[in-house]
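# A look at the structure
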Amino acid sequence: MRLTTKGRYAVTAMLDLALHSEQGPVSLADISARQGISLSYLEQLFAKLRRFKLVRSVRGPGGGYCLVGNTADISIAQVVDAVSESLDATRCEGKGNCQDGEVCLTHHLWQDLSVQIHHFLDGISLADLVARGDIQQVRLRQDDRLQQIKPPYDAERHIACSEIL
């Protein structure tokens with residue numbers, strides 16, 4: 001059982017957005033540059049995240065994406081669920097046809113594990129991750145790297161996400 005690239009990238013992108021949202025809308029190009037995720041892939045993920053009302057887009061100069069609501073109210077499980085990512089540990093994708101069309105010996109064990117993983121991720125919010133020191137250290141390193149290739153932040157174009165309705 002493993003979380004696929006879609007789920008990992010969605011969580012990474014949402015955490016990046018949470019870490020940088022105090023500066024206003026965050027562009028997918030900036031997330032792409034910091035996280036090494038292709039822009040076209042991010043566009044697909046954010047379309048799903050927008051449909052689940054986890055993010056909203058802001059058009060125009062200084063535009064990008066903002067979180068909908070507080071980081072404490074967005075769980076990692078919500079992000080994974082929004083991109084239709086399965087956390088199913090069974091071989092049969094939960095269908096119960098693992099062994100010649102019937103339930104295998106360990107089906108319920110792996111199904112219970114899937115429930116526990118979802119419960120675990122539901123108990124972790126973006127705010128929990130933002131508050132971690134190790135994550136803040138990675139943020140500083142990534143921000144420094146991005147500043148070397150991008151012009152400095154323009155405070156005059158700054159629009160806080162909280163100011164946008």
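Our subject is the structure that appears above.
These notes cover the structure that comes with them. Please read these numbers as outputs of a predicted model, since none were measured by experiment.

Our next topic: helix α3 (residues 39-51). One turn of the α-helix equals 3.6 residues, which is why residues spaced by three or four share an orientation. Helix length check: α3, at 13 residues, gives a terminal C-alpha distance of 18 Å against a target of 18 Å (1.5 Å per residue), a fit within 8%. Within α3, the full set of buried residues consists of Leu42, Leu45, Phe46, Ala47 and Leu49. Next to the buried residues of α3 lie α1 (5-20), α2 (28-35), β1 (55-58), β2 (64-67) and α4 (76-82). Where α3 terminates, the next one or two residues include Lys53, which has phi positive at roughly 60°.

Taken as a whole and assessed by the stated rule, the structure comprises two aromatic pairs. When the ring of Tyr9 is compared with that of Tyr41, the centres are 5.6 Å apart and the planes differ by 85°; the resulting orientation is edge-to-face. Taken together, the positions of Tyr9 in helix α1 and Tyr41 in helix α3 put the pair 32 residues apart, joining distant regions of the chain. Ring centres 4.8 Å apart and planes at 55° place the aromatic pair Phe46 and Tyr65 in the tilted group. You can see Phe46 sitting in helix α3 and its partner Tyr65 sitting in strand β2, a full 19 residues away along the chain.

Quick look at the side chain of Ser32 now. One can find Ser32 in helix α2. When neighbours within four sequence positions are excluded, Ser32 is seen to be in contact with Ile37, Ser38, Leu39 and Leu42.

Before going further, it helps to examine the pairing of β1. Sheet topology note: the β1/β2 ladder contains four bridges and is antiparallel. Paired with Ser57 across the strands is Tyr65, a residue of β2. Between β1 and β2, which follow one another and run antiparallel, lie five residues, and Gly60 among them has a positive phi close to 95°.

Right, let's talk about the pattern of salt bridges for a bit. The final tally for this structure, using the stated rule, is four salt bridges. Of the charged contacts, one joins Arg34 and Asp16 as a salt bridge, the two residues approaching to 2.7 Å between their closest N and O atoms. With a gap of 18 residues between them, Arg34 in helix α2 and Asp16 in helix α1 connect regions that are remote in the sequence. By the burial criterion, Arg34 is buried, and Asp16 matches it. Between Arg139 and Asp143 there is a salt bridge whose closest N-O contact spans 3.2 Å. Taken together, the residues Arg139 and Asp143, both in helix α7 (residues 133-149) and four residues apart, mark about one turn of the helix. With relative accessibility at 13%, the residue Arg139 sits in the buried group. Linked by salt bridges that have partners in common, Glu22, Arg139 and Asp143 make up one network.

Basis of the calculations
Residues numbered from 1 in each chain as written. Predicted model: local features only at pLDDT ≥ 70, side-chain atom pairs only at ≥ 80, totals over all residues. Heavy atoms only, no water. Helix = DSSP H or I, 4+ residues; strand = E, 2+ residues; numbered from the N terminus. Expected span 1.5 Å × (residues − 1). Buried < 20%, exposed > 50% of the residue type's maximum accessible area, 1.4 Å probe, protein only. Contact = heavy atoms within 4.5 Å. Phe/Tyr/Trp six-rings, centres within 6.5 Å; stacked < 30°, edge-to-face > 60°. Pairing = 2+ DSSP bridges. Salt bridge = Lys/Arg side-chain N within 4 Å of Asp/Glu carboxyl O.

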